[in-house]
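Understanding the architecture of this molecule
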Amino acid sequence: MAELNQKTRESGKKKIRSRKMAPKVDLTAMVDLAFLLITFFMLTTTLNKPAAMDIAMPDKTKDDVDSPVFIDENRTATLILGDGKFMWYHGDFKKPIASSEKPADIEKTLAQVVAQLKGKISTMPNTKDMIVLIKPSKEARTKDVIRTIDELKHQNISRYVIGKTQDEEEKQLLASIQ
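This is a predicted model, so every value here is computed, not measured.

Attention now goes to the packing of aromatic side chains. The relation between two aromatic rings is expressed through the spacing of the ring centres and the mutual angle of the planes. For the structure shown, the criterion picks out one aromatic pair. For the ring pair F40 and F41, a centre distance of 5.2 Å and an interplane angle of 70 degrees mean the geometry is edge-to-face. Residue classification places F41 among the partly exposed residues on the basis of a relative accessible area of 49%.

Right, dumping it as structure tokens:
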């Protein structure tokens, strides 16, 4: 049993009075309560679970490096990301089926553009699902890329690729975004 003892002061040569008993405090109940609370909070607390994004990356074998992958242009839409803004085109860059005229804000118009492209591609003949090519520039923020991927998942688009801008024309288009 835990107790709190306090000593009485003894003075020099004075009369000895009757000793007063030191107050005793029983701390057993407080210790029990502390362990019960610690146990309760340990058992009821849930820790944050890590949330990772599933991204399938292709194998880099020697045979696949040199051979290009051909994709139906009617199925592809390309999003070129800049700093908080983006531009898009549907199909081939040199002969697009549709494209944006000027840079658009990612936060405000990305959902609308993706929904329009998805609707347009799904109505085209001999097309399956939509493939989105995401091409972030060096000025693009990480949160813009993540927001783009989140919007694609929200629109149930399962096929997307994150790549680099290859053509000089695309690089010039990127310069106009900034």
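Further remarks concern a nonpolar patch on the surface. Together, V31, F35, I38 and M42 give the surface a local cluster of nonpolar side chains, amounting to about 420 Å² of exposed area. Take I38: it is sitting in helix α1 (residues 28–44).

With 22 residues, the main nonpolar core has L81, F86, W88, M130, V132, I134 and L152 as its most contacted residues. Of all the secondary-structure elements, those providing two or more residues to this core are β1 (76–81), β2 (85–91), α3 (106–123), β5 (131–136) and α4 (142–154). It is α3 that contributes the most residues to this core, six residues altogether.

Overall, the coordinates contain five salt bridges when judged by the stated rule. The closest approach of N and O atoms between E107 and R147, which form a salt bridge, is 3.4 Å. Residue E107 is located in helix α3, and its partner R147 is located in helix α4; the two are separated by 40 residues in the primary sequence. Among the ionic contacts, a cluster of salt bridges with common partners joins R75, D129 and R159.

The side chains of a regular strand alternate, residue by residue, between the two faces of the sheet. Of all six residues in β1, six are buried; the element is thus mostly enclosed. Of the two faces of β1, both are covered, the one formed by T76, T78 and I80 as well as the one formed by A77, L79 and L81. In this structure, β1 lies alongside β5, joined through six bridges in parallel fashion. What sits directly across from I80, in β5, is K135. Pairing analysis gives five bridges linking β1 to β2, with the strands arranged antiparallel. Pairing of I80 across the sheet is with M87, part of β2.

The next thing to look at is the UniProt feature "transmembrane region" (unreviewed entry) in the chain. According to UniProt, the "transmembrane region" (unreviewed entry) feature falls on residues 21–43. With 70% helix and 0% strand, residues 21–43 has end C-alpha atoms that lie 43 Å from one another.

Another aspect to go through is the packing of α3 against α4. Contact geometry for α3 and α4: axes closest at 10 Å, N-to-C directions at 30 degrees. As summarised for this structure, α3 and α4 are arranged roughly parallel, according to the angle between their axes. Seen from above, α3 lies across α4 with right-handed handedness. Contact residues: α3 offers I106, E107, L110, A111 and V114, while α4 offers K143, D144, R147, T148, E151 and L152. Here the residues of the contact of α3 with α4 are counted per class, giving five nonpolar, one polar and five charged.

On average, residues of the chain carry a pLDDT of 79, and 75% of them reach 70 or more. Averaged pLDDT values for the elements of the chain fall to 58 in helix α2 (residues 62–66) and rise to 92 in α1.

Along an α-helix, a turn takes 3.6 residues, which lines up residues three or four apart on a common side. Over its 18 residues, α3 runs 25 Å from end to end, which matches the ideal 26 Å to within 8%, given 1.5 Å per residue. By the burial criterion, the buried members of α3 are I106, L110, V113, V114, L117 and I121. With its buried residues spanning 105 degrees around the axis, α3 presents them on a single face. Among the exposed residues of α3, those oriented more than 90 degrees off its buried face are K108, Q112, Q116, S122 and T123. Packed against the buried residues of α3 are β1, β2, β4 (104–105) and α4.

Conventions we followed
Residues numbered from 1 in each chain as written. Predicted model: local features only at pLDDT ≥ 70, side-chain atom pairs only at ≥ 80, totals over all residues. Heavy atoms only, no water. Phe/Tyr/Trp six-rings, centres within 6.5 Å; stacked < 30°, edge-to-face > 60°. Buried < 20%, exposed > 50% of the residue type's maximum accessible area, 1.4 Å probe, protein only. Patch = residues over 30% accessible without salt bridge, like charges linked within 9 Å, V, L, I, M, F, W, Y side chains within 5 Å. Areas by Shrake-Rupley, 256 points an atom, 1.4 Å probe, with all protein chains shown as cover. Salt bridge = Lys/Arg side-chain N within 4 Å of Asp/Glu carboxyl O. Helix = DSSP H or I, 4+ residues; strand = E, 2+ residues; numbered from the N terminus. Core = buried A, V, L, I, M, F, W, Y, C linked by side-chain atoms within 4.5 Å. Pairing = 2+ DSSP bridges. UniProt positions renumbered as here; feature names shortened; annotations may be inferred. Axes fitted to C-alpha atoms, helices over the stretch in contact; angles between N-to-C directions. Parallel < 35°, antiparallel > 145°, perpendicular 65-115°, else oblique. Left-handed = near helix turned anticlockwise from the far one by under 90°. Contact = heavy atoms within 4.5 Å. Nonpolar A, V, L, I, M, F, W, Y, C, P; charged D, E, K, R; others polar. pLDDT = per-residue confidence, 0-100. Expected span 1.5 Å × (residues − 1). Arc of directions from axis to C-beta.

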